[in-house]
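Read off the chains here:
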Amino acid sequence: MKQRTLKGSFSLFGKGLHTGLNLTVTFNPAPENTGYKIKRIDLEGEPVIDAIAENVVDTQRGTVLGKGDVRVSTVEHALAALYALGIDNCNIQVNGPEFPILDGSAIQYVEKIKEVGIEELNAPKDWYIIRKKIEVKDEQTGSCITILPDDEFSITAMCSFDSKIINSQFATIDKVESFPTEIAPARTFVFVRDIEPLLEANLIKGGDMDNAIVIYERQTTQERLDKLADMLGVEHRNANELGYIQHKPLQWENECTRHKLLDVIGDMALIGKPIKGRIIATRPGHTINNKFARQMRKEIRKHEIQAPIYDPNEEPVMDVNRIRELLPHRYPMQLVDKVTALGANTIVGIKNVTANEPFFQGHFPEEPVMPGVLQIEAMAQCGGLLVLNMLEDPSSWSTYFMKIDDVKFRQKVVPGDTLIFKVDLLAPVRHGISSMKGYIFVGDHIVAEATFTAQIVKNK
């Protein structure tokens, strides 16, 4: 799968929730490996803000990104739409300190993205695949985000509200393709008890009954409720009648928890890579979401290049007999046992290192270590299988080293190790010359890497 961006630009207009300003946010296509970048265009010479967890400066009322003195808030709904629709790269411009609140959901972003269309780029999609349980907890609030291995990106959110009106709820999205219909329309929500101090502090100047679910669940005096209704511009209601106060009825009984799930997706966009894993979010909120996104970014930095998944039970793409048909190498120099994955530009191969390897007799008798040059040779043989497999009559061609660069050995290889080779073409083969980048893994750890150039030569 390839990275994606927008086919064209689009803009959305509306009031800012906190400032009440009339705002425009514009989304533009971006090249591969750009990620999400946000720039305020109402200020001159201001920096571009990368939408990553390290740039989050506040999580009290939505996710606020910042760089230097520049702040942009209420970004989570837009990022959720981009992330869920599989867009990896986008340049965003906003003419103020926040994104417009719109109707309090992500549906208008989804509709605009579908309208302009999505375009595939040349670079492969850079998935981060969850291999083990990762968890972040907040002991004070009881919030917890857990991610487990899964073949897809999926989320379950579980919320417990201190309210007589909203019971404990959960919401699930098993396939991200259902986001536009099942999650994107869910609106943000607020309790009446929280609105009054926010209004008095001028913190929600752009809030109205069209962009939030308002919940009246703790009885107050008729006088205070009437005053609040006047501030919100809605009809007076009986202070003895608890319930929802909004123009638009609930779309789902668990709409509030669906919106919490929407926020989780928006905050997961701050990881900077699409994820394959299942998230279980218990009492999620922007603070715990951001802590989790930061933890995920640390995990990704530790395993920046992930090892391919190797299942010895799967049938190989090439067995040792097919490898012998393509490569001229024989004992003791045939160093690839099988190929487990083969694409247009990438290959994954396996070498089982045993104590009976002939080189261990002299390297070293008392401490057997596989020579680094043979590790690179084995990786190059795997790359040779990739390019030879593209030819019509591969047995009549051979590959030879021309250049080896950026070689790094990170840990030693010993008897009992299973080497996993991953080799990628850096450019199309031209004039019989092929450039490749290769990695060798033992388990999840890189043991060696190199960039090399090979020449494909017709056999005499």
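Residues numbered from 1 in each chain as written. Predicted model: local features only at pLDDT ≥ 70, side-chain atom pairs only at ≥ 80, totals over all residues. Heavy atoms only, no water.

(A) Just the packing of helix α1 (residues 76-84) against helix α2 (residues 107-116), in detail. At their nearest, the axes of α1 and α2 sit 8 Å apart, and the two run at 40 degrees to each other. Here α1 lies oblique to α2, going by the angle between them. Note that α1 runs across α2; the crossing there is right-handed. Across the interface between the two elements, H77, A78, A81 and L82 from α1 touch Y109, V110 and I113 from α2. Class assignment for the residues of the contact of α1 with α2 results in six nonpolar, one polar and no charged. (Axes fitted to C-alpha atoms, helices over the stretch in contact; angles between N-to-C directions. Helix = DSSP H or I, 4+ residues; strand = E, 2+ residues; numbered from the N terminus. Parallel < 35°, antiparallel > 145°, perpendicular 65-115°, else oblique. Left-handed = near helix turned anticlockwise from the far one by under 90°. Contact = heavy atoms within 4.5 Å. Nonpolar A, V, L, I, M, F, W, Y, C, P; charged D, E, K, R; others polar.)

(B) Quick peek at the nonpolar core. Ranked by size, the top nonpolar core spans 64 residues in total, and within it F27, F99 and F179 carry the most contacts. A total of seven residues in this core trace back to one element, the largest contributor, which is α1. With residues near it in sequence (within four places) discarded, F179 still touches A80, A81, A84, L85, A106, V110, I173, A184, P185, L262 and I265. Counting residues in hydrophobic clusters, the runner-up holds 36 residues, among them I376, A448, F452 and I456. (Core = buried A, V, L, I, M, F, W, Y, C linked by side-chain atoms within 4.5 Å. Buried < 20%, exposed > 50% of the residue type's maximum accessible area, 1.4 Å probe, protein only.)

(C) Molecular detail of the side chain of K125. Mapping K125 onto the fold places it in the loop between β10 (118-124) and β11 (128-129). Among the polar contacts listed, one links the side chain of K125 to the backbone oxygen of G86, at a separation of 3.1 Å. Within polar-contact distance, the side chain of K125 engages the side chain of D88 at 2.8 Å. When residues no more than four places from it in sequence are discounted, the contact partners of K125 are M1, K2, Q3, G86, D88 and P274. (Polar contact = N/O pair within 3.5 Å; in protein donor to acceptor, adjacent residues only side chain to side chain.)

(D) Layout of the state of the cysteines. Enumeration according to the criterion identifies zero disulfides in this entry. C159 takes part in no disulfide bond, and the closest cysteine sulfur, belonging to C256, lies 8.7 Å away. Residue class for C159 comes out buried when judged on its relative accessible area of 7%. (Disulfide = S-S within 2.5 Å.)

(E) Here's a closer look at the packing of aromatic side chains. Per the stated rule, a full pass over the model turns up nine aromatic pairs. Their ring planes at 85 degrees and their centres at 5.6 Å tell us that F161 and F189 sit as a pair that is edge-to-face. Pair noted here: F161 is in the loop between β14 (153-159) and β15 (169-173) and F189 is in strand β16 (residues 189-191), with a separation of 28 residues, a long-range link. Taken as a pair, F161 and F189 share a single burial class, namely buried. For the pair F359 and F360, a centre-to-centre distance of 4.8 Å together with 70 degrees between the ring planes defines the contact as edge-to-face. K125 extends its terminal NZ or CZ atom over the ring of W127, reaching a point 5.6 Å from the ring centre. Just above the ring of W127 sits the side chain of K276; from NZ or CZ to the centre is 4.8 Å. (Phe/Tyr/Trp six-rings, centres within 6.5 Å; stacked < 30°, edge-to-face > 60°. Lys NZ or Arg CZ within 6 Å of the ring centre and 35° of its normal.)

(F) Structural view of the sheet that holds strand β17 (residues 213-216). Read from one edge to the other, the open sheet built from three strands follows the order β16-β17-β18, with strand pairing classed as mixed. Of all strands in the sheet, those bounded by a partner on one side alone are β16 and β18 (243-245). Between one strand and the next, the sheet's axes are offset by a mean angle of 30 degrees, whatever the strand orientation. (Pairing = 2+ DSSP bridges.)

(G) Focus on the sheet that holds strand β20 (residues 338-342). Pairing is antiparallel across the open sheet formed by six strands, whose spatial order is β20-β21-β23-β24-β25-β22. In this open sheet, the two edge strands, each paired with only one partner strand, are β20 and β22 (397-409). When the angles between neighbouring strand axes are averaged without regard to direction, this sheet yields 25 degrees. Where β20 meets strand β21 (residues 346-352), four bridges bridge the pair, whose relative direction is antiparallel. Looking at β21, one finds that A341 is bridged to V348. Contacting β20, β21, β22, β23 (418-425), β24 (433-442) and β25 (445-458), helix α9 (residues 372-388) runs over the sheet at an angle of about 135 degrees to β22.

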